[in-house]
Amino acid sequence: MSQQLAFTLLQIVPDRLRGEVLNVGIVLHTAAGPDLRLRMLPSRLKALAPSYSRVNLEEWHQAWLAALQRFQTPEQRWAWLQDAMAPLRLAETGGTILAVTPADLEAQVEGLLERFVMPPRTFSKVARHRIRRSGLNAQLTSWLRSQHLFSTKLQDLSKNRVVSGYPLSVAEELFAEFALKNGALHVIETLDLRGHSSYTKPLRNEASHKALVLDLAQDELEASSQRIAVVAADDYGTMKPAVSMLNRKASAVVSMDSPNDRQWLADFVSKSLHLSTLLDPIPNSARIAAQALVL
């Protein structure tokens, strides 16, 4: 049984008037209250505030943990963390971890600390390929924005929004392009095959990556979760191997060239987000030039 935990970034603010902050960890939202996972680096703290060079960070950390345990209820622990834990503060940034085992949870926590707290690293070519936005991704994003349903904040899943970049596995750097929630979590992947006259190796690699994301979603999410692949092509016959690959991993394949498929996707989003009226159908506008944007 998978475990789903919300998390919030934890920041340190030496001087509220200056407003300078540094990410120093994350807080897991557990049934027992906040679970602090700190990663305070002396060199970065000293650069933020020279006085921190005289602080014993391990003693500081243990004192915070001990203070949390003095409270009896989760509500009291959260209240203390939010109101009295200066110079720490909860950030507005956060998200959700979906873990299958305790070891998987710890691996994802480590991945979050690496991503949000440790000094930025240079992404590999694989990571750059993973977060490249296609024209079809931009087309779907534009439609969601026009309906006031798009968000880049994971916490907006609970606010009837479709969010981008949902982390299925932070450790493996596998993210769903879009996610929305209706009890169960649903994910959407896009594959833009337009502008190609043959099924090339880069396209095969792209299709394989999308299939891998959908396969992971099938393993990690609930049985009722929908895994939707949205595809577009100039010649579906030539691109049949890519579409077939997605069809084996997706619970539904939507062709952007089919009015019925576009209407089905619009209705699915409407019903999943409990909107009072059905959404306008997704337009199949003229091809949006593929973009090489790194989010």
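Everything quoted here is computed from the prediction, not taken from an experiment. Within each chain, residue numbers correspond to sequence positions counted from 1 in written order. Thresholds applied to this predicted model are a pLDDT of at least 70 for local features of residues and 80 or more for the giving and counting of side-chain atom pairs; totals over whole chains, interfaces and linings are not thresholded and use all residues. With hydrogens and water excluded, all non-hydrogen atoms of the structure serve as input to the side-chain values.

Colleague: Sorry, what's going on with helix α8 (residues 240-249) here?
Modeller: Within an α-helix, residues lying three or four positions from one another point in the same direction, as the helix has 3.6 residues per turn. For α8, the complete set of buried residues consists of Ala-242, Val-243, Met-245 and Leu-246. Buried residues of α8 fall within an arc of 155° about the axis and therefore sit on the same side. In α8, the exposed positions angled more than 90 degrees off the buried face are occupied by Lys-240, Asn-247 and Arg-248. When checking whether two residues touch, look at their non-hydrogen atoms; a contact exists if any pair is within 4.5 Å. Put simply, DSSP H or I for four residues or longer makes a helix, DSSP E for two residues or longer makes a strand, and each gets a number counted from the N terminus. For α8, the secondary structure elements touched by its buried residues are β8 (184-193), α7 (201-220), β9 (227-233) and β10 (252-255). Only protein chains enter the accessibility calculation, which uses a 1.4 Å probe; a residue is then buried when its area is under 20% of its type maximum, exposed when over 50%, and partly exposed in between. What the arc covers is the set of directions going from the helix axis to the C-beta atoms.

Colleague: Whenever I open this one, the nonpolar core confuses me. Can you help?
Modeller: Looking at soluble globular proteins, one finds that nonpolar side chains tend to be buried together. Core analysis: the largest hydrophobic core is formed by 23 residues, its most contacted members being Leu-140, Leu-144, Ile-188, Ile-228, Val-230 and Leu-265. Every element with two or more residues in this core is listed here: α6 (135-146), β7 (174-182), β9, β10 and α9 (259-272). Apart from residues lying up to four places away in sequence, Ile-228 is in contact with Val-187, Ile-188, Glu-189, Leu-214, Ala-252, Val-254, Trp-264, Leu-265 and Phe-268. Definition used in this section: a nonpolar core is a set of buried Ala, Val, Leu, Ile, Met, Phe, Trp, Tyr and Cys residues joined via side-chain atoms within 4.5 Å. In this structure, Leu-22, Leu-38, Leu-57 and Trp-78 belong to the second largest nonpolar core, which totals 22 residues.

Colleague: Sorry if this is basic, but what is going on with the packing of aromatic side chains here?
Modeller: In this description, a pair of aromatic rings is defined by centroid distance and the angle of the planes. Within 6.5 Å between ring centres, the rings of Phe, Tyr and Trp (the latter by its six-membered ring) count as paired, and their orientation is classed by plane angle as stacked under 30 degrees, edge-to-face over 60, tilted in between. Under the counting rule described, the total for this entry stands at three aromatic pairs. Centroid distance Phe-71 to Trp-80: 6.2 Å. Interplanar angle 40°. Geometry classified as tilted. Here Phe-71 falls in the partly exposed class, since its relative accessible area comes to 24%. Pairing Trp-264 with Phe-268 gives two aromatic rings, centres 5.5 Å apart and planes at 15°, and the pair type is stacked. One end of the pair is Trp-264 and the other is Phe-268, both in helix α9 and four residues apart, which spans about a single turn. For Phe-268, a relative accessible area of 13% puts it in the buried group.

Colleague: What is the right way to read the side chain of Lys-210 from this model?
Modeller: Note on placement: Lys-210 falls in helix α7. Side-chain atoms alone can form a polar contact between residues adjacent in sequence; in general such a contact is a pair of N or O atoms within 3.5 Å, and within protein one must be able to donate a hydrogen while the other accepts it. A polar side-chain atom of Lys-210 sits 2.6 Å from a polar atom in the side chain of Glu-177.

Colleague: Please explain the sheet that holds strand β6 (residues 162-169) as it appears in this structure.
Modeller: Within a beta sheet, neighbouring strands are joined by backbone hydrogen bonds and run either parallel or antiparallel to one another. Two strands form a pair only when DSSP identifies at least two bridges running between them. The strand order β5-β6-β7-β8-β9-β10 describes an open sheet built from six strands, whose pairing is mixed. For this open sheet the edge positions go to β5 (150-151) and β10, each flanked by a neighbour on one side alone. Of the pairings in the sheet, the one linking β8 to β9 comprises seven bridges and is parallel in character. Opposite Thr-190, over in β9, you have Val-230 as the bridge partner. Geometry is summarised by axes, namely lines fitted to C-alpha atoms with helices restricted to the contacting stretch, and by angles between N-to-C directions that run from 0 to 180 degrees. Here α6 sits on the sheet in contact with β5, β6, β7, β8 and β9, set at roughly 130° to β8.

Colleague: What am I meant to see in the sheet that holds strand β1 (residues 3-12) here?
Modeller: Spatially, four strands are ordered β3-β2-β1-β4 in an open sheet, and the strand pairing comes out antiparallel. Two strands close off the open sheet at either side, each with one partner strand: β3 (33-38) and β4 (88-99). Across the sheet, the axes of successive neighbouring strands diverge by a mean angle of 30°, strand direction being ignored. For β1 and strand β2 (residues 22-30), the ladder comprises six bridges, and the chain directions are antiparallel. In the sheet register, Ile-12 faces β2, and the bridge partner there is Leu-22. The sheet contacts of helix α2 (residues 57-69) involve β1, β3 and β4, and relative to β3 the element is tilted by about 175°.

Colleague: What should I look at first to understand the pattern of salt bridges in this one?
Modeller: For side chains of opposite charge, pairing can occur when their charged atoms come near one another. Salt bridges, as used here, are contacts in which a Lys or Arg side-chain nitrogen is within 4 Å of a carboxyl oxygen on Asp or Glu. Applying the stated criterion across every chain yields a total of nine salt bridges. For Arg-37, the salt bridge identified is with Glu-106, shortest N-O distance 2.8 Å. You can see Arg-37 sitting in strand β3 and its partner Glu-106 sitting in helix α4 (residues 102-116), a full 69 residues away along the chain. According to the relative accessible area criterion, Glu-106 is partly exposed, its value standing at 38%. With a shortest N-O distance of 3.0 Å, Glu-110 and Arg-39 are connected by a salt bridge. Here Glu-110 is found in helix α4, whereas its partner Arg-39 is found in the loop between β3 and α1 (42-48), with 71 residues between them in sequence.

Colleague: How do you make sense of the confidence of the model for the protein when you look at a structure like this?
Modeller: The predicted structure's coordinates, where accompanied by low pLDDT, should not be read in detail. The pLDDT value tells you how sure the predictor is about a given residue, anywhere from 0 up to 100. With 90% of its residues at a pLDDT of 70 or more, the protein shows a mean pLDDT of 82. Confidence, read as mean pLDDT per element, is least for helix α5 (residues 125-130) in the protein (38) and greatest for β9 (96). Per-residue pLDDT stays below 50 along residues 122-131; that stretch engages in 12 contacts with residues further than four places along the chain or on separate chains.

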